[in-house]
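# Report on the structure
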Amino acid sequence: MKRTNLDGINRIRFNDFTEYETGKSNNGGCYGFWTDYNRLENGIFEVSHGTTADFEYCPVCGDFHSYDEETCGEYQTVTEPELLKLINDFEETEDEYIEYK
């Protein structure tokens, strides 16, 4: 079902657990990843990244290291129409799926 708006939704999370393995998901190399799109007061969505790994992971660029302004820059933002296109083009599976909050 194609979405036409994101009314009442403040966070969209794209999950990728294709490499995830219980028991190895914190420091064994088989991590889960996600990308969050958080609605700001102006209606734009700020993009951040996360992982199940115990290691430092930059929420701005989505790489394994601590945040560094020179290297990572600022959080990316997207408009609702841009995010709707990402959502509607995404093919969900058991291991790759979207959550809405």
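Anything mentioned here points back to the structure above.
Within each chain, residues carry numbers counting from 1 in the order of the written sequence. At least 70 in pLDDT is required for a residue's local features to be given in this predicted model, at least 80 for side-chain atom pairs to be given and counted, and no such filter applies to totals for whole chains, interfaces and linings, which use all residues. Note: side-chain values were computed over all heavy atoms of the structure, leaving out hydrogens and water.

## Describing helix α2 (residues 80–89)
Buried within α2 are the following residues: Glu 80, Leu 83, Leu 84, Ile 87 and Asn 88. For α2, the angular spread of the buried residues around the axis is 130°, confining them to a single face. Note on exposure labels: buried denotes an accessible area under 20% of the residue type's maximum, exposed denotes more than 50%, and partly exposed covers the range between, all computed with a 1.4 Å probe on protein chains only. Strands here are runs of E lasting at least two residues and helices are runs of H or I lasting at least four, both read from the DSSP assignment and numbered beginning at the N terminus. When we speak of the arc, we mean the arc of directions from the helix axis to the C-beta atoms.

## Description of the packing of aromatic side chains
We describe a pair of aromatic rings using the distance from one ring centre to the other and the angle between the two ring planes. Two aromatic rings from Phe, Tyr or Trp, using only the six-membered ring of Trp, form a pair when their centres are within 6.5 Å; if the ring planes differ by under 30 degrees the pair is stacked, by over 60 it is edge-to-face, and anything between is tilted. Counted by the stated rule, this structure contains ten aromatic pairs. Taken together, a centroid distance of 5.1 Å and an interplanar angle of 90° make the contact between Phe 14 and Phe 90 edge-to-face. Of this pair, Phe 14 sits in strand β1 (residues 11–16) while Phe 90 sits in the loop between α2 and β5 (96–100), placing them 76 residues apart in sequence. With relative accessibility at 11%, the residue Phe 14 sits in the buried group. Centre to centre, the rings of Tyr 31 and Phe 55 are 6.2 Å apart; their planes meet at 80°, and the pair counts as edge-to-face. Placement of the pair is Tyr 31 in the loop between β1 and β2 (33–39) and Phe 55 in the loop between β3 (45–51) and α1 (69–72), with a sequence separation of 24 residues. Note on Tyr 31: relative accessible area 10%, which makes it buried.

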